[in-house]
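# A structural walkthrough
Listed below are the residues making up each chain.
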Amino acid sequence: MRVPRLVIAGSTSGVGKTSITSTFIYGLKKRGFKVGILDADVYGPNIPNIVGLSKQDVLTKEENGKVKFIALDHEDLKIMSVAMLAKSNQSLAWRGPILTRLLNQFLYQVDWGELDFLLIDLPPGTGDTQITLLQDSPIAVSYTHLRAHETRGNLVCRHRLEK
């Protein structure tokens, strides 16, 4: 069975996507679910800071002749973030095909372990990267947040949260 993915997306930055993601993270964890977080926001990868994770290097392993990333296990959360690929205080200027390739690698070439849900905090915008990711992934929940004060009615859920 594929792990349901909860994607948090929005057309602009600074509207609360990461705050919503962290609310989902701890809400699902509190209900006893095993949660993974893909911090795909290359313009502001804040999930490691929010969960209290200090700078960590990305670990890899070889599986069936291919190299896979290993999601970091932190307080019973599995985490993969683009922040783990950058040096401290380094800006990331990835876009287009490079960004799409990286996000697909994070989705399909990471050992997440056993999960009930994978939350994906997308970078702001509605470009090729976001569209490609959404087309290639089965999505259980999509939250689109256009303005900070409009929070009701934008959540679509196709998976019952019962444990």
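Right, let's walk through the structure included here. Please read all numbers here as calculations on a predicted model, not as lab measurements. (Residues numbered from 1 in each chain as written. Predicted model: local features only at pLDDT ≥ 70, side-chain atom pairs only at ≥ 80, totals over all residues. Heavy atoms only, no water.)

### A word on the sheet that holds strand S4 (residues 66–70)
Taken in spatial order, the three strands line up as S3-S4-S7 in an open sheet, and their pairing is mixed. Two strands in the sheet have a free side with no partner beyond their single neighbour: strand S3 (59–63) and strand S7 (110–111). Sheet topology places S4 next to S7; two bridges connect them, and they run parallel. When the bridges of S7 are listed, Phe-69 appears paired with Val-110. (Pairing = 2+ DSSP bridges. Helix = DSSP H or I, 4+ residues; strand = E, 2+ residues; numbered from the N terminus.)

### Some thoughts on the nonpolar core
With 37 residues, the main nonpolar core has Leu-38, Met-80, Phe-106, Trp-112 and Ile-120 as its most contacted residues. Within the residue set of this core, elements represented by two or more residues are strand S1 (5–9), helix H1 (17–30), strand S2 (35–39), strand S6 (77–81), helix H3 (96–108) and strand S8 (117–121). Sort the elements by how many residues they give to this core and H3 lands first, with five residues. (Core = buried A, V, L, I, M, F, W, Y, C linked by side-chain atoms within 4.5 Å. Buried < 20%, exposed > 50% of the residue type's maximum accessible area, 1.4 Å probe, protein only.)

### With respect to the pairing of S4
As paired strands, S3 and S4 are joined by five bridges and run antiparallel to one another. Among the inter-strand pairings, Leu-59 is bridged to a residue of S4, identified as Ile-70. Taken together, S3 and the strand that follows it, S4, pair antiparallel across an intervening segment of two residues, in which Asn-64 is found at a positive phi of about 55°.

### Some thoughts on H1
When the terminal C-alpha atoms of H1 are compared, their 20 Å separation across 14 residues agrees well with the 20 Å that a helix rising 1.5 Å per residue should span. Looking only at H1, the buried set comprises Lys-17, Thr-18, Thr-21, Ser-22, Ile-25 and Leu-28. Burial along H1 is one-sided: seen end-on, the buried residues are contained in an arc of 135°. Turned more than 90 degrees away from the buried face of H1 sit Thr-23 and Lys-30, all of them exposed. Within two residues after H1, Gly-32 carries a phi angle of roughly 95°, on the positive side. (Expected span 1.5 Å × (residues − 1). Arc of directions from axis to C-beta.)

Function cannot be read off these values alone, since they describe shape.
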